[in-house]
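The lines below spell out each chain.
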Amino acid sequence: MPGDAPELPAKDLRTLIPEYAGLARETTLLNPEPGDPGVRESSLGGKLLWPADEPWPYCAQEDHWTFGSDPSNRTEIVPGAVPMVPILQLFARDVPGLEFPEGKDLLQLVWCALMHEQDPRLLVMPQLYWRNEAEIVAGGLLSEIPEVSEGEYDEDNVPEPSTLSPTTAEDYPRWLDLPKDMWETWEPRLRLPAGHSVWPPDSNLIGTKVGGWPAWTQPADWPDCESGHRMEHLLTITGDIQLGDCGGVYFFQCRRCPGQPWDWRFDCH
Ligand SMILES: [Zn+2]
Ligand SMILES: [Zn+2]
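Residues numbered from 1 in each chain as written. Chains lettered and ligands numbered in written order. Predicted model: local features only at pLDDT ≥ 70, side-chain atom pairs only at ≥ 80, totals over all residues. Heavy atoms only, no water.

Taking an unreviewed UniProt entry as the reference, the chain is identified by name as LigA protein belonging to Streptomyces griseoflavus Tu4000.

Written out as structure tokens, the structure reads:
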């Protein structure tokens, strides 16, 4: 065909820039599949192994809201406290690459399934828990876990109950997350031949995953802990739920500070 641009060699960043390959980190892709996960299984959106002596968490943000059933009524304020919904439960045996705090072997995550103000970071209000499975089982499980009722959640924010089939893979940073100090030396090697407008693909893995690199859809926004340490990526939840127009929810932690403080980020298109 006339005007055909010469074929761009099928290269990704790893072959174009050897230093990029050096940024590889192991990630565990969780590969959720809709199903009926049990309370003793790792799951996305499944029932959580919850200790009997701990009340179920509620979100009491004053003005959380839902889009409501009537599309013309865009914001229906939901008054009062609303139960959080189960998001993720990971047992150490299923995710060997995840380093648990001493004595802990279960990670649980819940959030409020309503909308919160307009700041995208406040879209969900997550809570993260490190626990010990044997202690919970010995102490008994909470028998009445409240369910959110219709009108108390935005269905985009609630994952379908899914079993997990974790697999490990090498993960790389997104374009938006490339180290700035390397950029000056990288950029000349990335210049596109005339007639090409497609940048070589990065090798970031998009999906709900533990470890590796965040699958940002917006410029990277790594949090620091209160002592000023750059936090590490703990896990990303994306793709498997709608989250409105948003890309994902990213969790981070500082392993250098006592109690392993954590934080989270949220990005929207
Ligand atoms: Zn809320
Ligand atoms: Zn710290």
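*Asks:* Describe in detail the coordination of the zinc ion (ligand 2), supporting the description with residues and values.
*Replies:* Around the zinc ion (ligand 2), the protein contributes the donor atoms Cys225 (SG), His229 (ND1), Cys254 (SG) and Cys257 (SG), at 2.2 to 2.3 Å from the metal centre. In terms of primary sequence, the donors binding the zinc ion (ligand 2) are separated according to C-x3-H-x24-C-x2-C. (Donors = N, O, S within 2.8 Å, 3.2 Å for Na, K, Ca; no water.)

*Asks:* Describe the pairing of strand β10 (residues 127-131), listing the residues and the values that go with them.
*Replies:* Here β10 lies mainly inside the structure; 4 of its 5 residues are buried. Strand direction decides the pairing type here: strand β9 (residues 106-111) and β10, joined by 5 bridges, are antiparallel. Each bridged residue has a counterpart across the sheet, and for Leu109 the counterpart in β10 is Leu128. (Buried < 20%, exposed > 50% of the residue type's maximum accessible area, 1.4 Å probe, protein only. Helix = DSSP H or I, 4+ residues; strand = E, 2+ residues; numbered from the N terminus. Pairing = 2+ DSSP bridges.)

*Asks:* If you had to explain the environment of Glu152 to someone new, which residues and values would you point to?
*Replies:* Assignment of secondary structure puts Glu152 in the loop between α3 (133-139) and β11 (162-163). Considering only alpha carbons, one finds Glu152 and Ala81, 71 residues apart in sequence, at a separation of 9.7 Å. What Glu152 contacts, discounting residues up to four positions off in sequence, is Val78, Val82, Pro83, Leu114 and Glu147. (Contact = heavy atoms within 4.5 Å.)

*Asks:* An account of the environment of Tyr20 is needed here, citing residue identities and associated values.
*Replies:* Inspection of the secondary structure assignment puts Tyr20 in helix α2 (residues 18-21). Note on Tyr20: relative accessible area 0%, which makes it buried. Spatially, the C-alpha atom of Tyr20 lies 9.5 Å from that of Met182, the residues being 162 residues apart in sequence. Those residues in contact with Tyr20 that sit more than four places away from it in its chain are Leu13, Arg14, Tyr172, Pro173, Leu178, Trp186, Asp202, Ser203 and Asn204. At 2.6 Å, the side chain of Tyr20 forms a polar contact with the backbone oxygen of Pro173. (Polar contact = N/O pair within 3.5 Å; in protein donor to acceptor, adjacent residues only side chain to side chain.)

*Asks:* Just give me the short version of the nonpolar core, but keep the residues and values in it.
*Replies:* Among the nonpolar cores identified, the biggest contains 28 residues, and Leu88, Leu90, Leu98 and Leu235 are the most heavily contacted of them. Put simply, the parts of the chain that give this core at least two residues each are β8 (85-91), β9, β10, β14 (232-238), β15 (246-253) and β16 (262-268). When residues of this core are assigned to their parent elements, the largest contribution, 4 residues, is made by β8. Here this core spans two domains, since at least three of its residues come from each of domain 1 (1-31 + 166-269) and domain 2 (33-164). Each residue touching Leu88, except ones within four places of it in the same chain, is listed here: Leu30, Ser43, Leu44, Leu48, Leu107, Gln108, Leu109, Leu164, Leu235 and Ile237. (Core = buried A, V, L, I, M, F, W, Y, C linked by side-chain atoms within 4.5 Å. Domains from an automatic or database assignment.)

*Asks:* An account of the pattern of salt bridges is requested, with residue identities and associated values reported.
*Replies:* Pairing is possible between side chains of opposite charge, provided their charged atoms come close. Per the counting criterion, the structure on display carries 9 salt bridges. Linking Arg265 and Asp221 is a salt bridge whose minimum nitrogen-to-oxygen distance equals 3.0 Å. In this pair, Arg265 sits in strand β16 while Asp221 sits in the loop between β13 (209-211) and β14, placing the two residues 44 residues apart along the sequence. Owing to a relative accessible area of 39%, Asp221 belongs among the partly exposed residues under this scheme. Between Asp263 and Arg265 there is a salt bridge, with the nearest N and O atoms lying 3.4 Å from each other. (Salt bridge = Lys/Arg side-chain N within 4 Å of Asp/Glu carboxyl O.)

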